[in-house]
Amino acid sequence: MLRIAVPNKGSLSEPASAMLHEAGYRQRKDRRELVLVDVDNGVEFFFLRPRDIAVYVGSGRLDIGITGRDLLLDSGSQAEEIMQLGFAGSTFRYATRPGTAKDVSEFGGMTVATSFSGLVTKHLADNGVDADVVHLDGAVETAIQLGVAEVIADVVETGTTLRNAGLEIIGEPILESEAVVIRRTGAPTDDPKVQQFLRRMQGVLVARRYVMMDYDIRVEQVERAVALTPGLESPTVSPLHHEGWVAVRSMVPTKDAQRIMDELYDLGARAILTTGIHACRL
Ligand SMILES: Nc1ncnc2c1ncn2[C@@H]1O[C@H](COP(=O)(O)OP(=O)(O)OP(=O)(O)O)[C@@H](O)[C@H]1O
Ligand SMILES: O=P(O)(O)OC[C@H]1O[C@H](OP(=O)(O)OP(=O)(O)O)[C@H](O)[C@@H]1O
Ligand SMILES: [Mg+2]
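Note that the coordinates shown come from a computational prediction; the quantities given were computed from them, not determined experimentally.

Another aspect to go through is the overall build of the protein. The secondary structure content of the protein amounts to 9 helices and 15 strands. When each of the 282 residues of the protein is scored for burial, the buried share is 47%. For the protein, the proportion of contacts with a sequence separation of at least 24, taken over those separated by at least 6, is 67%. Counting every atom, the protein has about 15000 Å² of accessible surface; 49% of that belongs to carbon and sulfur. One finds the centroid of the 30 positive side-chain charges in the protein at a distance of 5 Å from the centroid of its 39 negative side-chain charges.

Here you go:
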């Protein structure tokens, strides 16, 4: 059985389970369930703290896991990213009270509070900055107000939490993070069970990002039309009973679908339809 670590709480938990469910796997109904065996799909899910997932996978006890890139790098585990999942997107950044420092190079002698001390210690060292790092479990924004640190390093999504704490972002992002699939560093890449899992997850991403578009168009315009809807490989073009017309079927990115429909209409296409994709294997 393939053994997979899934976040049991926090920002990663619900979207990860939703994606696994869309990929056809059983998911827990009760948040207190710790292990779930999906016999039909040959998979065993372990619901673990997001922060611990890289440790389990890095130790080789579990085959793969879903976690955040920031948590993976912070852990220092022998695990590597093998797929990006497109949710829990955030940046990891320094922040201070206005006027404290303009750049990481000015943090020397200061104290930096963070829940990601592995990541921050490495980043400061890489930049040749001699600052103290104090590890806190969460709500690190408050550390400055309470005098524990002059600088914090934390996850920033909208920036609202920082603004509410009267803090400003300093310098470039330390990293850009999102949910990722990880495995033990150097594990064999050709394990068929892992490959099948990745294809299923890829199928969910494609189903979420693309719609199927169908339209009818005059033969003379078909080259210009398919330039707008090239599809992933090549569009299907079929003859219509009505002579001089063809039907075209192609996948298009959901975010571009309305614009493409307008442009196809202007080219003379008619009966332009989009339909959702529920699942796919590329
Ligand atoms: N506001 C957010 N937007 C996007 N991603 C986030 C946000 N907060 C945390 N994350 C991501 O979630 C992961 C952290 O997981 P964790 O469950 O520890 O944090 P959390 O969602 O803040 O939960 P907790 O309630 O335990 O603090 C990291 O990969 C982080 O980048
Ligand atoms: O930029 P924003 O959109 O405001 O989001 C970022 C905030 O979200 C997370 O906090 P969370 O609410 O999980 O609290 P925590 O600090 O206890 O983890 C993160 O730690 C930041 O504080
Ligand atoms: Mg949090």
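Relative to the helices and strands, Leu264 resides in helix H9 (residues 257-267). For Leu264, a relative accessible area of 0% gives the class buried. Expressed as a C-alpha distance, the spacing of Leu264 and Leu228, which sit 36 residues apart in the sequence, is 7.7 Å.

This brings us to a nonpolar patch on the surface. Side chains of Met1, Leu34, Val35, Val37 and Val39 sit close together on the surface and give an oily, nonpolar patch of about 450 Å² of accessible area. In this structure, Val35 sits in strand S2 (residues 35-38).

A few words now on the sheet that holds strand S4 (residues 64-68). Within the open sheet, the 6 strands sit side by side as S2-S3-S1-S4-S11-S5. Their pairing is mixed. Looking at strand neighbours, the two that pair on one side only are S2 and strand S5 (79-84), the edges of this open sheet. When the angles between neighbouring strand axes are averaged without regard to direction, this sheet yields 30 degrees. Along the sheet, helix H7 (residues 192-209) makes contact with strand S1 (2-7), S4, S5 and strand S11 (179-184), crossing S5 at roughly 40 degrees.

Below, the discussion takes up the site of ligand 1. Residues in close proximity to ligand 1 total 13 residues, the closest being Ser11, Pro50, Asp70, Ser90 and Glu157. The side chain of Ser11 places a nitrogen or oxygen atom 2.6 Å from an oxygen atom of ligand 1. Here Asp70 contributes a side-chain N or O atom positioned 2.5 Å from an oxygen atom of ligand 1. With the chains in place, 67% of the 590 Å² that ligand 1 exposes on its own is no longer accessible.

Attention now moves to the site of ligand 2. Taken together, Gly138, Ala139, Glu141, Asp154, Val155, Val156, Glu157, Thr158, Gly159, Thr160 and Thr161 make up all the residues around ligand 2. Asp154 has a polar side-chain atom sitting 3.3 Å from an oxygen atom of ligand 2. Taking Thr158, its side chain carries an N or O atom lying 2.5 Å from an oxygen atom of ligand 2. When ligand 2 is considered free in solution it has 490 Å² of accessible area, and contact with the protein chains removes 60% of it. The set of elements that each furnish at least two residues to the shell around ligand 2 consists of strand S9 (151-156) and helix H6 (160-164). Ranked by the residues each element gives to the shell around ligand 2, the list is headed by S9, at 3 residues. Class assignment of the residues belonging to the shell around ligand 2 gives a composition of 3 nonpolar, 5 polar and 3 charged.

Quick look at the confidence of the model for the protein now. Summing up the model confidence of the protein, the mean pLDDT is 96 and the portion of residues at 70 or higher is 100%. If you check the scores for this complex, the pTM reads 0.92 and the ipTM reads 0.94.

Quick notes on the rules
- Residues numbered from 1 in each chain as written.
- Chains lettered and ligands numbered in written order.
- Predicted model: local features only at pLDDT ≥ 70, side-chain atom pairs only at ≥ 80, totals over all residues.
- Heavy atoms only, no water.
- Helix = DSSP H or I, 4+ residues; strand = E, 2+ residues; numbered from the N terminus.
- Buried < 20%, exposed > 50% of the residue type's maximum accessible area, 1.4 Å probe, protein only.
- Contact = heavy atoms within 4.5 Å.
- Areas by Shrake-Rupley, 256 points an atom, 1.4 Å probe, with all protein chains shown as cover.
- Lys, Arg positive; Asp, Glu negative; His and termini not counted.
- Charge placed at Lys NZ, Arg CZ, Asp CG, Glu CD.
- Patch = residues over 30% accessible without salt bridge, like charges linked within 9 Å, V, L, I, M, F, W, Y side chains within 5 Å.
- Salt bridge = Lys/Arg side-chain N within 4 Å of Asp/Glu carboxyl O.
- Pairing = 2+ DSSP bridges.
- Axes fitted to C-alpha atoms, helices over the stretch in contact; angles between N-to-C directions.
- Near = heavy atom within 4 Å.
- Polar contact = N/O pair within 3.5 Å; in protein donor to acceptor, adjacent residues only side chain to side chain.
- Nonpolar A, V, L, I, M, F, W, Y, C, P; charged D, E, K, R; others polar.
- pLDDT = per-residue confidence, 0-100.

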